[in-house]
Amino acid sequence: SISLDVHRNRMSRMNVHLGIGAVSLGVCTTVAGYFGMNLTIPAYLLDMPHGFVGVTLASLAAAAMLHAVCVQWLAGYSMKKRARLRFAEIQALQNMLRDMDLVDFALKSAQGASTLSRDEFRQALESVAHTRQITDLEVDVLFRSLDSSGDGLLQPSEFNLRC
């Protein structure tokens, strides 16, 4: 049963690749046909002994590039990259939540400031985190989560802590 599923998945994948390849070639030949029928061909291209071969290879290269882009999009490479980034952000947030007492102390020590920039926020965190190194990703994730206005500065209303 599992081997039939694997075989069926391979056949489906092959069908998708053949379909994408057919569409890629179809797009390139449609463009070539449109230009060939409606535009005059330059004289230097007509006089070239291997002009047809060059145009055909260029069309095949364009079809291969279109095929590669479609396959990459279907495989979800950019989605996987975003998922890895989100996973790293979640891990950074978990690290900061484990050390929430440090974040609390850093924000309480900066309570008198009118605003906090990202660098000042990082300095406040590093001044109280003697046991470990604070990473850029941790600072970015925590700063973005606290900066509700999105202006790049933490106002006292955004980090106002009740003691």
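In this text the structure is predicted, and so the values were computed from the model without any measurement. (Residues numbered from 1 in each chain as written. Predicted model: local features only at pLDDT ≥ 70, side-chain atom pairs only at ≥ 80, totals over all residues. Heavy atoms only, no water.)

Structural notes on the packing of helix α5 (residues 100-109) against helix α6 (residues 118-128)
In plain terms, the rule: Angular values range over 0 to 180 degrees, each being the angle between N-to-C directions of two axes fitted as lines to C-alpha atoms, with helices fitted over their stretch in contact. In this description a helix means any DSSP run of H or I spanning at least four residues, a strand means any run of E spanning at least two, and both kinds are numbered starting from the N terminus. Put simply, angles under 35 degrees are roughly parallel, angles over 145 are roughly antiparallel, angles from 65 to 115 are roughly perpendicular, and the rest are oblique. By definition, any crossing whose near helix is turned counterclockwise from its far helix by less than a right angle is left-handed, and any crossing with a clockwise turn is right-handed. Contacts are assigned to residue pairs with any non-hydrogen atoms lying within 4.5 Å of each other. Ten residue types, Ala, Val, Leu, Ile, Met, Phe, Trp, Tyr, Cys and Pro, are classed as nonpolar, four, Asp, Glu, Lys and Arg, as charged, and the remainder, Gly among them, as polar.
Here α5 crosses α6 at 120°, and the two axes come no closer than 9 Å. Between α5 and α6, the angle is such that the two are oblique. Considering how the two elements wind past one another, α5 and α6 form a crossing that is right-handed. Packed against α5, whose contacting residues are Leu102, Val103, Phe105, Ala106 and Leu107, the element α6 presents Phe121, Ala124, Leu125 and Val128 at the interface. When the residues that make up the contact of α5 with α6 are grouped by side-chain class, the tally is nine nonpolar, no polar and no charged.

Comments concerning the nonpolar core
What counts, and what does not: We define a nonpolar core as any set of buried Ala, Val, Leu, Ile, Met, Phe, Trp, Tyr and Cys residues linked to one another through side-chain atoms lying within 4.5 Å. Under the scheme applied here, a residue whose accessible area is under 20% of the maximum for its type counts as buried, over 50% as exposed, and between as partly exposed, the area being computed with a 1.4 Å probe on protein chains only.
If you look at the biggest cluster of nonpolar residues, it comprises 18 residues, and the most contacted ones within it are Phe121, Leu125 and Leu142. For this core, the elements supplying multiple residues, two or more each, are α5, α6 and α7 (136-146). Ignoring any residue separated from it by four or fewer positions in sequence, one finds Leu142 in contact with Leu93, Met96, Val103, Phe121 and Leu125.

Quick word on α5
Short version of the rule: Think of it as the arc spanned by the lines of direction from the helix axis to the C-beta atoms.
Along α5, the positions that sit buried rather than exposed are Leu102, Val103, Ala106 and Leu107. Projected down its long axis, α5 carries its buried residues within an arc of 130°, all on one side. Opposite the buried face of α5, by more than 90 degrees, sit the exposed residues Asp101 and Phe105. Each element contacted by the buried residues of α5 is listed here: α4 (77-98), α6 and α7.

Things to note about the confidence of the model for the chain
Parts of the prediction with low pLDDT should not have their coordinates interpreted in detail. Condition: How sure the predictor is of each residue is captured by pLDDT, a score from 0 to 100.
Looking at the chain, pLDDT values average 80 and 93% of them are 70 or higher. At the level of individual helices and strands, the chain shows its lowest average pLDDT in helix α2 (residues 43-47), which scores 75, and its highest in α7, which scores 86.

Things to note about the pattern of salt bridges
Defined as follows: Put simply, a salt bridge is a Lys or Arg side-chain nitrogen that is within 4 Å of an Asp or Glu carboxyl oxygen.
Applying the stated criterion across every chain, the model contains nine salt bridges. Here Arg144 makes a salt bridge to Glu89, at a shortest N to O gap of 3.0 Å. Placement of Arg144 in helix α7 and of Glu89 in helix α4 is noted, with a sequence separation of 55 residues between them. With relative accessibility at 14%, the residue Glu89 sits in the buried group. Ionic pairing is found between Asp119 and Arg118, a salt bridge with its closest N-O pair at 3.9 Å. Arg118 sits in the partly exposed class, given a relative accessible area of 25%. What you see here is one network of salt bridges that share partners, running through Arg118, Asp119, Arg122, Glu126, Asp136 and Asp140.

So, the side chain of Arg122
With respect to the helices, strands and loops of the structure, Arg122 is situated in helix α6. Apart from the residues lying within four places of it in its own chain, the contact partners of Arg122 are Gln133, Ile134, Thr135, Asp136 and Val139.

Remarks on helix α3 (residues 51-75)
Which entries qualify depends on this criterion: The span one expects for a helix is its residue count, reduced by one, times 1.5 Å.
Under the 1.5 Å per step criterion, the end-to-end length of α3 is 36 Å for 25 residues, consistent within 8% with the ideal 36 Å. Considered for burial, the residues of α3 that qualify are Gly51, Ser59 and Ala63. Residue Gly76 follows α3 closely and has a positive phi angle near 75°.

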